[in-house]
Amino acid sequence: MERPSSEVIQENRDYTLFSWSVQSTSNPIHMTHAQGVWFWDGDGNKWLDFSSQLININVGHQHPKVLEAIKKQVDELCFAGPSFATEPRGKLGKKLAEVTGLAKSFFTLGGAEANENAMKMARLFTGRDKIITRYRSYHGATMGSMTASGDPRRWPVEPGIPGIVRVFDPYCYRCPFGKTPDSCRRECVSHIEEVIQMEGPHTIAAILVEGITGSNGLLVPPDDYYPKLRALCDKYGILLITDEVMSGFGRTGKWLSTQHYGVKPDIVTCAKGLTSGYMPLGAVIVSQEIADYFEKNMLWGGLTYSGHPVSCAAAVANLSVYEEEHLFENTEVQGRYLAERLEAMKRKYACVGDVRYKGLFSVLELVRDKATKEPLAPFNGTSPEMQKLAGHVKSKHVYAFSRFNMLWVCPPLVINQEELEHGLSVIEEGLALVDQMLGTPVAAD
Ligand SMILES: Cc1ncc(COP(=O)(O)O)c(C=O)c1O
């Protein structure tokens, strides 16, 4: 007989530590099985996974083609050290070169390690030390990647590693330069040039930015942001590193989110959607020029599990699922519907200040007052209203990620309109409850 969920949860809580939480307040769901966009808990409840777990399980849960590839690789060869050549490793490297237009991949176990290695490679290649990053960013929880992040999760590890310089973000809803789309002259890029001047262009190895910022507010940049940033990097011989850990692999309807803007970075880091989370894997994908450099110069880096055959086999299968099942096309179609629905919510509910989206990568930003834009919860904090919204969504067994004054909608790319609508209607019920708490009646459609 299966053990009761309460026992499983208790054992987890007694003997394991949960991330980013005061342990006594952690309240895990006991997940027992899953399929597509759904998972089940130990009490038999069926949940809609509206955040693809950690915005990574892009092909949905338990996809048979990925499972089969993993099983086949396990039977054939479970492990080979990182200095060995294997079939899945080579195949994956070739595929990544094809879909990104870059040259070679160095494999890691996840996103944080990918960013650590990307920063190291940039420093080796340029002979410069500093890395420019943005305040509203998350690059991973290891020491270097955490320091590179602007996210408040970096505060406990400060001062972190030396050489990180942070700049402001293309956050149009709350422009740090006080501009509106009409008055804006892309100060979000031009101030980076000023920072470069002040720091000394010869000291800066790279600008590291999330393709589209994820867990710090889903900040979709203006269309000309990336071309301008690319030009700035070229002007000063600075590498452009884009962290596509969250925004890559179909999340926005393309392999890389920067492909929407027609630019090619020098280095791309990725993880999450690379295997859809079925096996741990990250990658640093570098340009031909950087790959050529390491033909003659030492690559000072390595990991026991770099190029793990089972992870690489899972990734190869996962990437072919995107293509064979036309998941990026589905992302575009469902993404259009999602965008319409989010815009309608913004019109209808007083608490919805802004909605931002690209493909199936989206967020609602909540406010107390649309005119003043006062956030519904403070930066790095929460509020009774946000708890009400998150609590309502959870009570209806929709699993959606919320943080500060934002709620994300990032379902697996296999979602259909009916499933999407189910989750959105639950969110709408929650928004109506928040408007009631704020005393702002819901406007008619
Ligand atoms: C943009 C971005 N970069 C890096 C990471 C870190 O990846 P990992 O948790 O696999 O180390 C994350 C994780 O959420 C992320 O969202």
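None of these values were measured; they are calculated from a predicted model.

This next bit is on the side chain of Arg 356. In this fold, Arg 356 is placed in strand 11 (residues 352-358). Within polar-contact distance, the side chain of Arg 356 engages the backbone oxygen of Gly 217 at 2.9 Å. At 2.8 Å, the side chain of Arg 356 and the side chain of Glu 365 are in polar contact. Leaving out residues up to four positions away in the same chain, Arg 356 has contacts with Tyr 171, Tyr 173, Gly 217, Leu 218, Leu 219, Val 220, Phe 361, Ser 362, Val 363, Glu 365 and Met 406.

Burial of strand 12 (residues 361-369) is extensive: seven of the nine residues sit out of reach of the surface. Two strands pair when backbone bridges link them, and strand 11 and strand 12 are joined in this way by six bridges, in the antiparallel orientation. Bridged to Lys 358 within strand 12 is Phe 361. Where strand 12 meets strand 13 (residues 374-375), two bridges bridge the pair, whose relative direction is antiparallel. Counted as the bridge partner of Asp 369 is Glu 374 from strand 13. In sequence, strand 12 turns back onto strand 13 through a hairpin of four residues, with Lys 373 there showing a positive phi of about 65°.

Okay, the environment of Ala 206 next. Take Ala 206: it is sitting in strand 7 (residues 204-210). On the basis of relative accessible area, Ala 206 is assigned to the buried category, the value being 0%. For the pair Ala 206 and Val 99, spaced 107 residues apart in sequence, the C-alpha to C-alpha distance is 23 Å. For Ala 206, the contacting residues outside a window of four places in its chain are Ala 122, Lys 130, Ile 131, Ile 132, Ile 238, Leu 239 and Ile 241.

Near the ligand, the surroundings consist of Gly 110, Gly 111, Ala 112, Asn 115, Tyr 138, His 139, Gly 140, Glu 210, Asp 243, Val 245, Met 246 and Lys 272. The backbone of Gly 111 places a nitrogen or oxygen atom 2.8 Å from an oxygen atom of the ligand. Burial of the ligand by the surrounding chains reaches 79%, relative to a free accessible area of 380 Å². No other element matches the three residues that helix 5 (residues 111-126) contributes to the shell around the ligand.

A few words now on the nonpolar core. Phe 50, Leu 364 and Leu 431 are the most contacted members of the largest nonpolar core, which totals 60 residues. Broken down by element, the residue count for this core peaks at seven residues, all from helix 10 (residues 309-324). In terms of nonpolar packing, the next biggest core, distinct from the first, is built from 34 residues, Ile 204, Leu 229, Val 363 and Met 406 among them.

Another aspect to go through is the sheet that holds strand 9 (residues 267-270). Strand order in this open sheet of seven strands is 4-10-9-8-7-5-6, and the pairing throughout is mixed. At either margin of the open sheet sits one strand with a lone partner, and together these are strand 4 (104-108) and strand 6 (164-167). With strand direction ignored, the average angle separating the axes of adjacent strands in the sheet is 20°. Inspection of the sheet shows strand 4 paired to strand 10 (residues 282-286) by five bridges, in the antiparallel sense. Paired with Phe 106 across the bridge in strand 10 is Val 284.

All chains considered together, the criterion is met by 28 salt bridges. Ionic pairing is found between Glu 7 and Arg 3, a salt bridge with its closest N-O pair at 3.2 Å. A salt bridge links Glu 98 to Lys 95, with the shortest nitrogen-to-oxygen separation between them at 3.1 Å. A residue pair is termed a helical-turn pair when its members lie 3 or 4 positions apart in one helix, as Glu 98 and Lys 95 do in helix 4 (residues 87-100) at three residues. You can call Lys 95 buried: its relative accessible area is 18%. Taken together, the shared-partner salt bridges in this structure form one network comprising Arg 174, Lys 346, Asp 354, Arg 356 and Glu 365.

Now for the side chain of Glu 210. With respect to the helices and strands, Glu 210 occurs in strand 7. No salt bridge is formed by the buried Glu 210. Its closest oppositely charged neighbour is Arg 134, at 6.3 Å. At a separation of 2.8 Å, a polar atom in the side chain of Glu 210 contacts the main-chain amide nitrogen of Tyr 138.

Attention shifts here to the domain arrangement of the protein chain. Split by domain assignment, the protein chain resolves into domain 1 (5-59 + 326-438) and domain 2 (64-324). A straight line from the C-alpha centre of domain 1 to that of domain 2 covers 25 Å. Summed over both partners, the interface of domain 1 with domain 2 buries about 3300 Å², with 59% contributed by carbon and sulfur atoms. Per-residue buried area on domain 1 facing domain 2 is highest for Phe 328, Lys 358 and Phe 361; these three make up 23% of the total on that side. Taken together, the connections running from domain 1 to domain 2 amount to two salt bridges. Residues Asp 151 and Arg 403 are paired through a salt bridge, measuring 2.9 Å at the closest nitrogen-oxygen approach.

Ordered in space as 1-2-3-14, the four strands form an open sheet in which the pairing is mixed. The outermost strands of the open sheet, each flanked by one partner alone, are strand 1 (31-35) and strand 14 (398-399). Of the strand pairs in this sheet, strand 2 (residues 38-41) and strand 3 (residues 46-49) are connected by three bridges, and their pairing is antiparallel. When the bridges of strand 3 are listed, Phe 39 appears paired with Trp 47.

All right, on to the packing of helix 11 (residues 327-348) against helix 13 (residues 417-438) then. Packed helix pairs are specified by the crossing angle of their axes together with the interaxial distance, meaning the distance between the axes. Following both chains from N to C, one finds helix 11 and helix 13 inclined at 15°, their axes separated by 11 Å at the closest point. Taken together, the axes of helix 11 and helix 13 are roughly parallel relative to one another. Crossing of helix 11 against helix 13: the hand is right-handed. Counting all contacts with helix 11, which are made through Gln 334, Tyr 337, Leu 338, Arg 341, Met 345 and Lys 348, the residues of helix 13 involved are Gln 417, Leu 420, Glu 421, Leu 424, Ser 425, Ile 427, Glu 428, Leu 431 and Asp 435. Grouping the constituent residues of the contact of helix 11 with helix 13 by class yields seven nonpolar, three polar and five charged.

Conventions and cut-offs
Residues numbered from 1 in each chain as written. Predicted model: local features only at pLDDT ≥ 70, side-chain atom pairs only at ≥ 80, totals over all residues. Heavy atoms only, no water. Helix = DSSP H or I, 4+ residues; strand = E, 2+ residues; numbered from the N terminus. Polar contact = N/O pair within 3.5 Å; in protein donor to acceptor, adjacent residues only side chain to side chain. Contact = heavy atoms within 4.5 Å. Buried < 20%, exposed > 50% of the residue type's maximum accessible area, 1.4 Å probe, protein only. Pairing = 2+ DSSP bridges. Near = heavy atom within 4 Å. Areas by Shrake-Rupley, 256 points an atom, 1.4 Å probe, with all protein chains shown as cover. Core = buried A, V, L, I, M, F, W, Y, C linked by side-chain atoms within 4.5 Å. Axes fitted to C-alpha atoms, helices over the stretch in contact; angles between N-to-C directions. Salt bridge = Lys/Arg side-chain N within 4 Å of Asp/Glu carboxyl O. Lys, Arg positive; Asp, Glu negative; His and termini not counted. Domains from an automatic or database assignment. Buried area = accessible area lost by both parts, 1.4 Å probe. Parallel < 35°, antiparallel > 145°, perpendicular 65-115°, else oblique. Left-handed = near helix turned anticlockwise from the far one by under 90°. Nonpolar A, V, L, I, M, F, W, Y, C, P; charged D, E, K, R; others polar.

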